Amino acid sequence: MRQRQGYGRFKAAWSTYRNHCLFGQVVIDRFAMWAGKRFQVEVEGSDHFNNLVGKKEGFIQMSAHIGNYELAGYTLCSDRKQFNALVYGGEKPSVVANRQKMFAANNINMIAVSPDMRHLFEINSALATGQIVSLPADRLLGSDKSIEADFLGAKALFPYGPFSIATMRSLEVIAVNVVKTGTKKYKIIITPLRYDTGAPRREQVIQLNTAFVSELERVVKMYPTQWYNFYEFWK
Amino acid sequence: MEEIISQLKVKIIEALNLEEMTPESIDATTPLFGEEGLGLDSIDALEIIVLLEKNYGIRLANAAEGKKVFTNIESIARYVSEHRTK
C-alpha cells in the first residue's frame, strides 16, 4: 500500500497506525449497531438506489472491504425488495443465526458461502424474483476464478464471480462503499457501474470489473486509511 | 434425449467459454465437478442454472436436488426432458 500510494516511511507508518485505530473503531461501532446504537448517516447517490428499488428486476450491490459496509444493510432498506448479502461461511451457526434474527426486521437475509453450493441456488432465486443481492467484489470468496486488473498502479486479482453473476442476467449494478467520517458519522457512497449488455459476455465481465476497480480506486484515494484488506493484495 | 445432450454440450461450452473443448470431446457421463471430471466450479454451476432457466424454462431452486441433477450432462438432460416448460 505504501508503494501504491507513493508514501514515505513516516507517512506510511502513521497511516498504518490510523488504519488500525479506525478498524478498531469500526469493529466497536459494529457491536454498538448490533446493540441498537444508530449513527448519523449521509447517503451520496441515494437516487441510484431508489431508482433500482422501484424497478421489477433485481439488482446487484457490489461491496469492498472499506469502512463499515454492514451499516449499508441497516440504512438502505426497502419494503419492496429483500436485501440478500453473501457472507463468509466460516462463522459458527449460532453467530449466523443470531445475526440473521437481528437482520430479519430490516428485510435482510444473509447467504453464507457453503461447500455444497447451496448459496448459489439462494443467490439465483433472489435475483430471479427481483430482489437485491450484495456481493463482496474485492476478495476471492467461494470460487478461485479471478480477473487480473490494474489497481492503484499494480496488478491485483479480483473475483470473477460477482461480475459474471451480474452479466448472466444483464442486471444493473451499483457499487456501495461506507466510510467513517466522524465519531458518530458515516457516509454511504453509491455509484452505478455501467457495462455494455450487448457486448460479448467475457467483454461485459471485464467492463464491469473495470468500472468497479475504478470506483474502488476513487474511494480508496479519498479514504486511504479505511481500506481493510490485511493481506498481500497485489500480485 | 440424445438431442438434448447435444444441445446442452454446445450451450455449456459457449456459456462457460470452454474454448479448448468440443461437443465430441465431452462424454455425457463424465462428472461435471472435481478433478476427475470437467473441473467445473460453483460459478460454472450458477451459469448452468441460468442457462436451464433461459433455454428450457426450468427453475432449479433446491440445492439438494441440484446436486443430483448436476452429476453430469446426461443427468441434466434427463431432468430437462422431464421438467422443461419450453
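Heads up: these notes are all about the structure in this document. (Residues numbered from 1 in each chain as written. Chains lettered and ligands numbered in written order. Predicted model: local features only at pLDDT ≥ 70, side-chain atom pairs only at ≥ 80, totals over all residues. Heavy atoms only, no water.)

### So, the overall build of chain A
To keep things clear, this is the line we draw: Secondary structure elements follow DSSP: runs of H or I of four or more residues count as helices, runs of E of two or more count as strands, with numbering from the N terminus. Relative accessibility decides the category of a residue: with a 1.4 Å probe and only protein chains considered, values under 20% of the type maximum give buried, values over 50% give exposed, and everything between is partly exposed. Contact between two residues is taken to exist if any of their heavy atoms lie within 4.5 Å; hydrogens are not considered.
Secondary structure assignment for chain A yields eight helices and nine strands. Judged by the C-alpha coordinates and their principal axes, chain A covers about 50 × 45 × 35 Å. A buried classification covers 51% of the 235 residues belonging to chain A. Taking as baseline every contact in chain A between residues at least 6 positions apart, the subset at least 24 positions apart corresponds to 74%.

### Some details on the sheet that holds strand 5 (residues 132–136) of chain A
Residue and element names in this part refer to chain A. Operational definition: Here a strand pair is declared whenever DSSP counts at least two bridges between the two strands. Only the contacting stretch of a helix is used when fitting its axis, a line to C-alpha atoms as for every element, and angles between N-to-C directions run 0 to 180 degrees.
One open sheet holds the seven strands; their spatial order is 1-9-8-2-5-3-4, and the pairing between them is mixed. Unpaired on one side and paired on the other, strand 1 (40–44) and strand 4 (108–112) mark the two borders of the sheet. Across the sheet, the mean angle from the axis of one strand to that of its neighbour is 25°, orientation sign disregarded. As defined by bridge partners, strand 3 (residues 83–87) adjoins strand 5 across three bridges and the pair is classed as parallel. Considered in strand 5, the bridge of Ala85 is made with Ser134.

### Quick notes on the pattern of salt bridges
We apply this condition: Salt bridges are identified by distance alone: a Lys or Arg side-chain nitrogen within 4 Å of an Asp or Glu carboxyl oxygen.
Within this structure, the stated rule accounts for 10 salt bridges over all chains. The salt bridge partner of Lys55 of chain A is Glu172 of chain A, with a shortest N-O separation of 2.5 Å. Placement of Lys55 of chain A in the loop between helix 3 (46–53) and strand 2 (59–63) and of Glu172 of chain A in strand 8 (residues 172–182) is noted, with a sequence separation of 117 residues between them. Lys55 of chain A sits in the partly exposed class, given a relative accessible area of 31%. Taking the shortest distance from any N to any O, the salt bridge between Glu53 of chain B and Arg169 of chain A comes out at 2.9 Å. Of this pair, Glu53 of chain B sits in helix 2 (residues 42–56) while Arg169 of chain A sits in the loop between helix 7 (161–168) and strand 8, on two different chains. Judged on exposure class, the residue Glu53 of chain B and its partner Arg169 of chain A are both buried. Residues participating in the shared-partner salt-bridge network are Arg169 of chain A together with Glu53 and Arg59 of chain B.

### A closer look at the pairing of strand 6 (residues 146–151) of chain A
Working note: regular strand, side chains alternate between the two faces of the sheet. Residues and elements named next belong to chain A. Side chains of strand 6 alternate between two faces, with Ile147, Ala149 and Phe151 buried and Ser146, Glu148 and Asp150 left unburied. The pairing of strand 6 with strand 7 (residues 154–159) spans six bridges and is antiparallel. The partner of Asp150 across the bridge, within strand 7, is Lys155. Counted along the chain from strand 6 to the antiparallel partner strand 7, the turn is two residues long, and its residue Leu152 has a positive phi close to 55°.

### Description of the interface of chain B and chain A
Rules: Any N or O atom pair separated by 3.5 Å or less is treated as a polar contact, with the protein-specific requirement of one donor-capable and one acceptor-capable atom, and with residues adjacent in sequence counted only for side-chain atom pairs. Three classes are used, and their members are as follows: Ala, Val, Leu, Ile, Met, Phe, Trp, Tyr, Cys and Pro are nonpolar, Asp, Glu, Lys and Arg are charged, and the others, Gly among them, are polar.
Each partner contributes residues to the interface: chain B has 20 residues there, and chain A has 20 residues. Our count for the chain B to chain A interface comes out at three salt bridges. Between Asp44 of chain B and Lys145 of chain A there is a salt bridge, and its shortest N-O distance comes to 2.6 Å. The interface formed by chain B and chain A includes five residue pairs in polar contact (both at pLDDT 80 or more). Elements with a contribution of two residues or more to the side of chain B that touches chain A: helix 2 and helix 3 (63–69) of chain B. Of the residues forming the side of chain B that touches chain A, the biggest block, 10 residues, is contributed by helix 2 of chain B. Tallied by class, residues from the side of chain B that touches chain A come to 10 nonpolar, four polar and six charged.

### Some points on the packing of helix 1 (residues 2–15) of chain B against helix 4 (residues 73–83) of chain B
Residue and element names in this part refer to chain B. The condition is simple: Helix crossings fall into two classes, left-handed where the near helix is turned counterclockwise from the far one by less than a right angle and right-handed where it is turned clockwise.
Taken N-terminus to C-terminus, the directions of helix 1 and helix 4 make an angle of 115°; their axes are 9 Å apart at the nearest point. In the packing of helix 1 onto helix 4, the handedness of the crossing is right-handed. Residues Ile4, Ile5, Leu8, Lys9 and Ile12 of helix 1 touch helix 4, and the partners they reach there are Ile73, Glu74, Ile76, Ala77, Val80 and Ser81. For the contact of helix 1 with helix 4, the per-class residue count stands at eight nonpolar, one polar and two charged.

Don't take any of this as a statement about function, it's just geometry.
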